[in-house]
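Okay, here's what each chain looks like letter by letter:
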Amino acid sequence: MAKSQSASLDKKKLMADPILVSTIVLLVVFLTVFILYPLAILLVDSFVSESGITFATFKRIFGLPNFRRAIGNTLKVGFVVGIVSTLIGLLFAYVEVYVKLRTRFMSGLFKVVSMLPVVSPPFVLSLSMIMLFGKSGIITRYVFHIYDNSVYGFWGIAIVQTLTFFPVCYMMLKGLLKNIDPSLEEAARDMGASRFKVFMTVTFPLILPGLGNAFLVTFIESIADFANPMIIGGSYDTLATTIYLQITGAYDKQGAAAMAVVLLTITLLMFVVQKYYLEAKSTATLSGKASRERMLIRDKSVTVPLTILCSAFALFVIIMYICVPFGACFKTWGRDFHLTTKWFKLVFTRYKGFKAFKDSFILSFISAPITALLSMIISYLVVKRKFKAKGYIEAVSMLAMAVPGTVLGIGYIRGFASGMFGTGFLQGLYGTGTILVIVFIVRSLPTGTRSGISALRQIDKSIEESAYDMGADSFRVFMTVTLPLIKDSFLSGFITSFVRSITAISAIILLVTPSYLLITVQINEFAEKGSFGIACAFASILIAITYTAVLIMNLLIKHFGTSRKVKTRKDGE
């Protein structure tokens, strides 16, 4: 009885707030049209023909040897990258949390390595791999005098993706290890157990769900990756590249849609397991924070080898990233190492660099504040409000995280070029900058929403309720009370969205038209042609832009964020 009265009261409050109702309706429409509808069109394309429901398209694509091979290749790469990335991430996390690092240099090195994949385009390491270990590679040709080495194929993709994704595992596992109560491990040590036995019998079982979570996140990222397999894959087909070639090479939109459904099914299954089973289990296993400070390992027989190993690996990753700017400064990589500014000049004179950077910057800068604000609104509705569509909004906004960019691109082509909305306003979106902005928003929405939900759950309800009691509507409360309290998450979401958008390629490579030049598409095009000087010049400028954006974010959060240190007032008290 009490529950029904409470539900009735919530409904009355909701209906008495027209701004809130309008916001919910608009959100439901936006999420349905730009996330669910393109995916639904893929299913319709795959299963429905003029004669009705059919599996003929799936029979046809599974009859293609290259498609069957691509599925096996994709799963193989995903499992290898997932396992190796998780193990390397665990090593780095364990060293930082459990080992006494002798210098701040190591801690700074770890931070740099964890940030580099965020601020760089997804295919930078592929360029570096080719330039260091290819046939004209510095290491293979000039150090080991190997002149016929090929980095293309399975191992090239696996190594590059591992170096790209292991920092994600490191950041996830670092938080889990910090939350383990040290008394559990010290009790086992007091009973005579060795460090290895303590790790295997106490630490490892506690973080096992977290390891599974890290593996699945990396697995999903790996099988959905388009840029690295496209540049360094060679003849080694993966699902993402096969889908792209099916629509751009074979002009088989229906076949590409069916292939996209297969890839989407795999990623969704993994996402559901990761999100609703392992993530929840990990949270339940490690609830709260460590009760006291951990006694760090100081034994040189442990600290020295682990420090050397992690330092060497971290420095190698940094060298891989540094290789790209150097590639833009040499006349001919692998042949003529005289310094030159030729490639940077060509970027802006012959290859329309100004237009590429202008278009990329403007579209990303437009999408960033919209994404940040939408993320905070969705987070607010999910955490602070009760209404029937709440579960739908949360689930669909998070769904974009599990949808590979190539799949979303195919869905937008089928949905807005010739689908249900093939006429009218929504068809007019296709081929415009607006559709690119919408894709950027959809791709970055889950990250901002998760950050906003975490921040809002820490705010006491009474703060907002007092504003409602004084007669403020939901819009005024959100703008004047809630949003100022989560400025850190908003600013973080803004910059994260900007960086993700300006470095995106998989979702937009199928949607971009000659009217717009995007940096990542230019880099991909020149890398495929083997024009590494131009590709490195574009990539170097892009890295500079994204790194500057992250530095600005840190400054803004430091000076305007809610987490800044409050200075004690000395004057006027």
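Residues numbered from 1 in each chain as written. Predicted model: local features only at pLDDT ≥ 70, side-chain atom pairs only at ≥ 80, totals over all residues. Heavy atoms only, no water.

## A few points about the overall build of the protein chain
At step 1: Scanning the protein chain for helices and strands turns up 25 helices and four strands.
At step 2: Within the protein chain, the fraction of its 573 residues that count as buried is 53%.
At step 3: Here the analysis covers contacts within the protein chain between residues at least 6 apart in sequence; of these, 80% occur between residues at least 24 apart.
At step 4: Summing over all exposed atoms, the protein chain offers an accessible surface of approximately 27,300 Å²; the carbon and sulfur share of this is 65%. (Helix = DSSP H or I, 4+ residues; strand = E, 2+ residues; numbered from the N terminus. Buried < 20%, exposed > 50% of the residue type's maximum accessible area, 1.4 Å probe, protein only. Contact = heavy atoms within 4.5 Å. Areas by Shrake-Rupley, 256 points an atom, 1.4 Å probe, with all protein chains shown as cover.)

## Considerations on the packing of aromatic side chains
At step 1: Enumeration over the complete set of coordinates arrives at 34 aromatic pairs.
At step 2: Between F226 and Y244, the aromatic rings sit 5.1 Å apart at their centres with planes inclined by 65°, giving edge-to-face as the arrangement. Residue F226 is found in the loop between α10 (195–224) and α11 (227–232), and its partner Y244 is found in helix α12 (residues 239–248); the two are separated by 18 residues along the sequence.
At step 3: Residue classification places F226 among the buried positions, given a relative accessible area of 1%.
At step 4: Exposure remark for Y244: the relative accessible area of 14% places this residue in the buried category.
At step 5: Consider the rings of F526 and F538, whose centres lie 6.0 Å apart with planes at 15°: the pair is stacked. Remark: F538 occurs in helix α25 (residues 532–560) and F526 occurs in helix α24 (residues 519–529); sequence separation between them is 12 residues.
At step 6: On the basis of relative accessibility, which here comes to 6%, the residue F526 falls in the buried class. (Phe/Tyr/Trp six-rings, centres within 6.5 Å; stacked < 30°, edge-to-face > 60°.)

## Description of a nonpolar patch on the surface
At step 1: Residues Y142, V143, F144, I146 and F337 make up a contiguous nonpolar surface patch of roughly 460 Å² in combined accessible area.
At step 2: By secondary structure assignment, the location of V143 is in helix α7 (residues 138–143). (Patch = residues over 30% accessible without salt bridge, like charges linked within 9 Å, V, L, I, M, F, W, Y side chains within 5 Å. Salt bridge = Lys/Arg side-chain N within 4 Å of Asp/Glu carboxyl O.)

## Remarks on the state of the cysteines
At step 1: This structure, assessed with the given rule, holds zero disulfides.
At step 2: There is no disulfide at C323, and the cysteine sulfur nearest it, in C536, is 6.8 Å away.
At step 3: Overall, C323 belongs to the buried group, its relative accessible area being 5%. (Disulfide = S-S within 2.5 Å.)

## Quick word on the side chain of S540
At step 1: Note on placement: S540 falls in helix α25.
At step 2: By relative accessible area, which is 13% here, S540 ends up buried.
At step 3: Those residues in contact with S540 that sit more than four places away from it in its chain are V324, P325, A328 and F344.

## Here's the deal with the side chain of S311
At step 1: Among the structural elements, S311 can be located in helix α14 (residues 300–327).
At step 2: Residue classification places S311 among the buried positions, given a relative accessible area of 13%.

## Describing the pairing of strand β4 (residues 336–339)
At step 1: Pairing geometry for strand β3 (residues 330–332) and β4, over two bridges, is antiparallel. In the sheet register, T332 faces β4, and the bridge partner there is D336.
At step 2: Taking the residues between adjacent antiparallel strands as the criterion, β3 and β4 are bridged by three residues, where G334 takes a positive phi near 85°. (Pairing = 2+ DSSP bridges.)

## Let's talk about the confidence of the model for the protein chain
At step 1: Looking at the protein chain as a whole, the pLDDT averages 82, with 87% of positions reaching at least 70.
At step 2: For the protein chain, the element scoring lowest by mean pLDDT is helix α1 (residues 2–15), at 56; helix α4 (residues 65–98) scores highest, at 92.
At step 3: Taken as a whole, residues 563–573 scores under 50 in pLDDT and shows six contacts with residues more than four places along the chain or in a different chain. (pLDDT = per-residue confidence, 0-100.)

## Remarks on unusual backbone geometry
At step 1: Even without being glycine, H145 reaches a positive phi, approximately 55°.
At step 2: Even without glycine at this site, K352 takes up a positive phi of about 55°.
At step 3: A relative accessible area of 55% means that K352 is categorised as exposed.

## Comments concerning α10
Count 3.6 residues to each turn of an α-helix, and residues three or four apart come out pointing the same way.
At step 1: The end-to-end C-alpha separation of α10 is 38 Å, well short of the 44 Å expected for 30 residues at 1.5 Å each.
At step 2: Approximately 55° is the largest bend angle found in α10, and it occurs at F204, with the proline P205 only one to four residues beyond.
At step 3: Counting buried residues along α10, 21 of its 30 residues qualify, which places the element largely inside the surrounding structure. (Expected span 1.5 Å × (residues − 1). Bend = angle between axes of the 7 residues up to and from the residue.)

## Some details on the pattern of salt bridges
At step 1: In this structure the tally under the stated criterion is six salt bridges.
At step 2: When the shortest N-O distance is used, the salt bridge between R414 and D45 registers 2.4 Å. One end of the pair, R414, is in helix α18 (residues 405–416); the other, D45, is in helix α2 (residues 18–47), and 369 residues separate them in sequence.

## Side note on the packing of helix α5 (residues 104–119) against helix α8 (residues 154–178)
At step 1: Packing of α5 against α8 leaves a shortest axis separation of 8 Å and a crossing angle of 120°. The angle between α5 and α8 places the two elements in the oblique class. Here the hand of the crossing between α5 and α8 comes out left-handed. Contacts from F110, V113, S114 and P117 of α5 reach α8 at T164, F166, P167, Y170 and M171.
At step 2: Of the residues belonging to the contact of α5 with α8, the class tally is seven nonpolar, two polar and no charged. (Axes fitted to C-alpha atoms, helices over the stretch in contact; angles between N-to-C directions. Parallel < 35°, antiparallel > 145°, perpendicular 65-115°, else oblique. Left-handed = near helix turned anticlockwise from the far one by under 90°. Nonpolar A, V, L, I, M, F, W, Y, C, P; charged D, E, K, R; others polar.)

## Considerations on the environment of A224
At step 1: Within the fold, A224 resides in helix α10.
At step 2: Judged by its relative accessible area of 15%, A224 is buried.
At step 3: Taking the C-alpha atoms as reference points, A224 and G405, separated by 181 residues in sequence, lie 7.1 Å from one another.
At step 4: Setting aside anything within four residues of it in sequence, one finds A224 in contact with A240 and P404.

## Looking at the nonpolar core
At step 1: F34, L177, Y412, V442, I523 and F538 are the most contacted members of the largest nonpolar core, which has 190 residues in total.
At step 2: At 14 residues, α25 tops the list of elements feeding residues into this core.
At step 3: Ignoring anything within four residues of it in the chain, the contact list for L177 reads L90, A93, Y94, V97, Y98, T203, I207 and R294. (Core = buried A, V, L, I, M, F, W, Y, C linked by side-chain atoms within 4.5 Å.)

## A look at the environment of S364
At step 1: Position of S364 among the secondary structure elements: in helix α16 (residues 353–384).
At step 2: Put simply, S364 and A504 are 140 residues apart on the chain and 9.8 Å apart in space, counted from C-alpha to C-alpha.
At step 3: Contact partners of S364, with chain neighbours within four places excluded, come to F440, F498, S501 and I502.
At step 4: A distance of 2.8 Å separates the side chain of S364 from the backbone oxygen of S360, its partner in a polar contact. (Polar contact = N/O pair within 3.5 Å; in protein donor to acceptor, adjacent residues only side chain to side chain.)

## A look at α18
At step 1: Between its first and last C-alpha atoms α18 spans 16 Å; for 12 residues at 1.5 Å apiece the expected length is 16 Å, and the two agree.
At step 2: Of all 12 residues in α18, 12 are buried; the element is thus mostly enclosed.
At step 3: Among the residues of α18, G405, T406, V407, L408, G409, I410, G411, Y412, I413, R414, G415 and F416 are the ones counted as buried.

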